[in-house]
Amino acid sequence: MTSKISRRAFLKGSITAVGSVAATTSVARAAKSITKGKNEPLVTLLDISKCIGCEECVFACQEANAAKYPEPEKPFPKMYPPRVPVEDWSDKRDVTDRLTPYNWLFIQRASAIVNGEEIELTIPRRCMHCDNPPCVKLCPWGALKQEENGLSRIDSNICLGGSKCRKACPWKVPQRQTGVGLYLDLLPALAGNGAMYKCDRCYNKLEKGEVPACIEVCPEDVQTIGPRKEILKKAHALAKDMNGYIYGEHENGGTNTIYVSPIPFEQLNERIEKGKGKPHLNKVKNMMADGTNLAKAMIVAPIAGLAAAFGKFYLSSKEDKS
Amino acid sequence: MNSQAKIRKYIYSITVFFIALSGFAQMPVFKRYYIADIPGLSWLAQFYVTHIMHYIAAIVLITFVIYVLFDFIFKGRGLNTITRIGYFKIVILAGLVITGSLMVVKNLPSIYFNHNVIIVLDLVHLGFCMILLGAGLYSLIMKKKWVS
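Computed from a prediction, not measured in an experiment: that's the story for all the values here.

Scoring rules and cut-offs
- Residues numbered from 1 in each chain as written.
- Chains lettered and ligands numbered in written order.
- Predicted model: local features only at pLDDT ≥ 70, side-chain atom pairs only at ≥ 80, totals over all residues.
- Heavy atoms only, no water.
- Helix = DSSP H or I, 4+ residues; strand = E, 2+ residues; numbered from the N terminus.
- Buried < 20%, exposed > 50% of the residue type's maximum accessible area, 1.4 Å probe, protein only.
- Contact = heavy atoms within 4.5 Å.
- Areas by Shrake-Rupley, 256 points an atom, 1.4 Å probe, with all protein chains shown as cover.
- Phe/Tyr/Trp six-rings, centres within 6.5 Å; stacked < 30°, edge-to-face > 60°.
- Lys NZ or Arg CZ within 6 Å of the ring centre and 35° of its normal.
- Lys, Arg positive; Asp, Glu negative; His and termini not counted.
- Salt bridge = Lys/Arg side-chain N within 4 Å of Asp/Glu carboxyl O.
- Polar contact = N/O pair within 3.5 Å; in protein donor to acceptor, adjacent residues only side chain to side chain.
- Buried area = accessible area lost by both parts, 1.4 Å probe.
- Nonpolar A, V, L, I, M, F, W, Y, C, P; charged D, E, K, R; others polar.

Chemist: Looking at this model, I keep getting lost on the overall build of chain A. Mind explaining?
Modeler: When helices and strands are counted, chain A shows 9 helices and 10 strands. The burial tally for chain A puts 55% of its 322 residues in the buried class. The contacts of chain A with a sequence gap of at least 6 include a subset with a gap of at least 24, amounting to 67%. Just so you have it, chain A exposes about 15300 Å², and 57% of that area is on carbon and sulfur atoms.

The structure is reproduced here in structure tokens:
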């Protein structure tokens, strides 16, 4: 008699058994850090050198967030004009090699030479949860929200699926599912196109003082979560120890996801597969910086208006006198 | 209409045109409806460009509104010279400036507004904009002035 064991089941059996004891203690430690950092954004640190690419985090994410996934109504309403794309992932829910509305975390792979030896590095990729997230700030309907603990998330009950958040995101993280959401009750033919989905850093678990599913399940302790100052300190110490590199601290003006890698991110970026649903590892400038600078200039606007009116009044009264 | 009033009218009309255009461009509609495909208008589908343009137009509008307001006060013209449609547009403009300013604050780093407040601000700001454009069109057609 032969028995078939799936790759996932095999990995789950072997790796989880080995890592369970260590994981339990680290999860407890992480949960304590979450409570401690209530008044400070929580940051996750990912030690790429530890990741073995087992995808336990990917499946844990899917299990933990299954109730949030879209259940589209079919057939989709006809949308006008015809250029409006239908994006349907509902029949491809098992795709795990990229970000989709049903897969908010995936493993990116890159081969690299470390100490003269070729190794494969695996990188868990998901939303970076930016400090000042353009997706949240630029959504015209307020369908996205940022919480004080640093996570940003999409309210799929309000989202109309215009995908502006994806265009604004430097990593193009949010993914669209057509045929679901509020637009169906408004003008489905003329406005909207479903709803957007992305990692919400398990906000509902965090609210209960629990750690996100991907951190909880990791048998290799790849991720650590905690208050910003504490995590940044850890990230720099780790980078110093492994003579490594940091990504996410300054990208887009700073994010709440910090990667530490033994090889430079420029090299990793060249070696990972990039494209739709597969974010890059490029340097990213602060996309909201121009807006922030103009906001400061806006404070001067009323003063300038008042000064101009007063100047005119002063000159005309001077003319009247003479 | 004297030359000063004409200049004011042009500044106000051009600013409102660009602020409304860049404001509507905050919604992903110009690409969908081919408007951004018109040569010279592709920027309407570039959200960071329209965001900055909206801010710049807001700076011009706020400066202009405050200038006109204080110029009116310094001249000592009575409130009774303001027409009914003038009063109406002043209230709507004030609403636009207040909601817009709050949205600018909301967009700053480390600022967390209540989610429902953000949704209300978005909708009210859009609503005020539509009303102002409607009132402007009414004034244009009916030849109604701000002051008598």
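Having seen it, we continue.
Chemist: Where do I start with the packing of aromatic side chains in this structure?
Modeler: All names here are of chain A. Counted according to the given criterion, the structure contains 9 aromatic pairs over all chains. Its guanidinium or amino end placed over the ring of Trp89, Lys92 lies 4.4 Å from that ring's centre, counting from NZ or CZ. The residue whose ring lies beneath Arg153 is Tyr203, and the NZ or CZ to ring-centre distance is 3.5 Å.

Chemist: Looking at this structure, how should I read the side chain of A:Lys137?
Modeler: When you line up the elements, A:Lys137 lands in helix α3 (residues 134-138). Despite its burial, A:Lys137 remains without a salt bridge, the nearest opposite charge being carried by A:Asp131 at 10 Å. Only 3.0 Å separates the side chain of A:Lys137 from the backbone oxygen of B:Lys106, close enough to count as a polar contact.

Chemist: When you look at the interface of chain B and chain A in this model, what are you seeing that I'm missing?
Modeler: Accessible area lost upon the coming together of the parts serves often as the stated size of an interface. With 39 residues of chain B in contact, the opposing surface of chain A contributes 51 residues. With both chains or domains summed, chain B and chain A bury close to 3900 Å², and 68% of this area falls on carbon and sulfur atoms. If you sort the residues of chain B by the area they bury against chain A, B:Arg32, B:Tyr48 and B:Tyr112 come out on top, with a joint share of 21%. Linking chain B to chain A there are 2 salt bridges. Between B:Asp37 and A:Arg83 there is a salt bridge, and its shortest N-O distance comes to 2.4 Å. Between chain B and chain A we count 17 residue pairs in polar contact (both at pLDDT 80 or more) in total. Those elements that provide at least two residues to the side of chain B that touches chain A are α1 (3-24), α2 (47-75), α3 (84-106) and α4 (115-142) of chain B. Looking at the side of chain B that touches chain A, its residues break down into 25 nonpolar, 6 polar and 8 charged.

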